[in-house]
Amino acid sequence: PMDTAPDLGEHDVGAAVRRFPRVRFLITSAPLGVMEMVARHAPHQEHVSFDTSAVTGPLSDTIVQAYRLLGPERLLLGSHAPFKYPEVALLRLQFLNLEGDALRAVSGGNALRLVGRADG
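Structural notes, computed from the coordinates.

## A short note on the overall build of the protein
Inference 1: Helix and strand counts for the protein stand at 5 helices and 3 strands.
Inference 2: Walking the protein from its N terminus toward its C terminus, one meets helices and strands in the order α-β-α-β-α-β-α-α.
Inference 3: By the compact-globule yardstick of 14 Å for 120 residues, the protein fits well, its C-alpha radius of gyration being 14 Å.
Inference 4: Counting all 120 residues of the protein, 35% fall into the buried class.

In structure tokens, the structure reads:
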């Protein structure tokens, strides 16, 4: 009940990305539609990353679509923890069948890179 701010829509997110091209953005809890709009229409896409917290699993195939759209460099594991079970996010990630560098990047490496800890 204390969270009364409205969610940002894809046009608001896209406008912010376009207005501040040198800022690194981590967009959390974004559905696939927001990811698609920003990835397709905003310049400087390399500065925009998304987490997986609002992406569904295998039945709708949106986790696979998000990965195809963003690649391993701009997708981060998101779980909504501590408010939701983090195991769900890990299961969602398993549907991508990632290995090696891609798995390390999405499951934690990208987050470390965004906060300046690329060395892990």
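## Quick look at the packing of helix 2 (residues 32-41) against helix 3 (residues 62-70)
Inference 1: Running from N to C, helix 2 and helix 3 cross one another at 15 degrees; their axes reach a closest spacing of 10 Å. By the angle class used here, helix 2 and helix 3 are roughly parallel. The two elements helix 2 and helix 3 meet at a crossing, and its hand is left-handed. Along the contact surface, helix 2 presents L32, M35, E36, A39 and R40, while helix 3 presents T62, Q65, A66, L69 and L70.
Inference 2: In terms of residue class, the contact of helix 2 with helix 3 is built from 6 nonpolar, 2 polar and 2 charged.

## Considering the layout of surface pockets
One water molecule sets the probe size; rolling that probe over the atoms shows where empty space is left.
Inference 1: Put simply, the largest pocket is a space of about 180 Å³.
Inference 2: Taken together, D7, L8, V13, I27, T28, S29, A30, P31 and V34 make up the lining of the largest pocket.
Inference 3: Taken together, the residues that form the lining of the largest pocket break down as 6 nonpolar, 2 polar and 1 charged.

## Section: the sheet that holds strand 2 (residues 48-51)
Working definition: the strands of a sheet are paired by backbone hydrogen bonds and lie parallel or antiparallel to each other.
Inference 1: As summarised here, the arrangement of the 3 strands in space is 1-2-3, forming an open sheet in which the pairing is parallel. Each edge of the sheet is formed by a strand with only one pairing partner; in this case those strands are strand 1 (25-27) and strand 3 (75-76).
Inference 2: Sheet analysis places strand 1 next to strand 2, joined by 3 bridges and oriented parallel. Of the residues in strand 2, the one forming a bridge with L26 is S49.

Rules of the game
Numbering of residues starts from 1 in each chain and follows the order in which that chain's sequence is written. Local features in a predicted model are, by the rule used here, given only for residues with pLDDT of at least 70; side-chain atom pairs are given and counted only at 80 or more, and totals for whole chains, interfaces and linings are based on all residues. Heavy atoms from the whole structure form the basis of all side-chain values; hydrogens and water molecules are not counted. Going along the chain from the N terminus, every DSSP run of H or I of four or more residues is numbered as a helix, and every run of E of two or more is numbered as a strand. We compute the radius of gyration over the C-alpha atoms and compare it with the globule rule, which gives 2.2 Å times the number of residues raised to the power 0.38. Relative accessible area decides the class of each residue, using a 1.4 Å probe on protein chains only: under 20% of the type maximum gives buried, over 50% gives exposed, and in between gives partly exposed. Interaxial angles span 0 to 180 degrees and are taken between N-to-C directions of axes, which are lines fitted to C-alpha atoms, for helices over the stretch in contact. For this classification, under 35 degrees means roughly parallel, over 145 means roughly antiparallel, 65 to 115 means roughly perpendicular, and everything else is oblique. A crossing counts as left-handed when the near helix is turned anticlockwise from the far one by less than a right angle, and as right-handed when that turn is clockwise. In this description, contact between two residues means that some pair of their heavy atoms is separated by no more than 4.5 Å. Residues are grouped as follows: Ala, Val, Leu, Ile, Met, Phe, Trp, Tyr, Cys and Pro are nonpolar; Asp, Glu, Lys and Arg are charged; all remaining types, including Gly, are polar. Definitions used throughout: a 1 Å grid over protein atoms alone; a cavity as a set of points that fits a 1.4 Å probe which cannot get out; a pocket as an open set with protein on both sides within 12 Å along at least five of seven lines; a lining residue as one with an atom within 4 Å of a point. Grid points are joined across faces, edges and corners, and a volume is the space filled by probe spheres set on the points. Two strands are said to pair when DSSP picks up at least two bridges between them.

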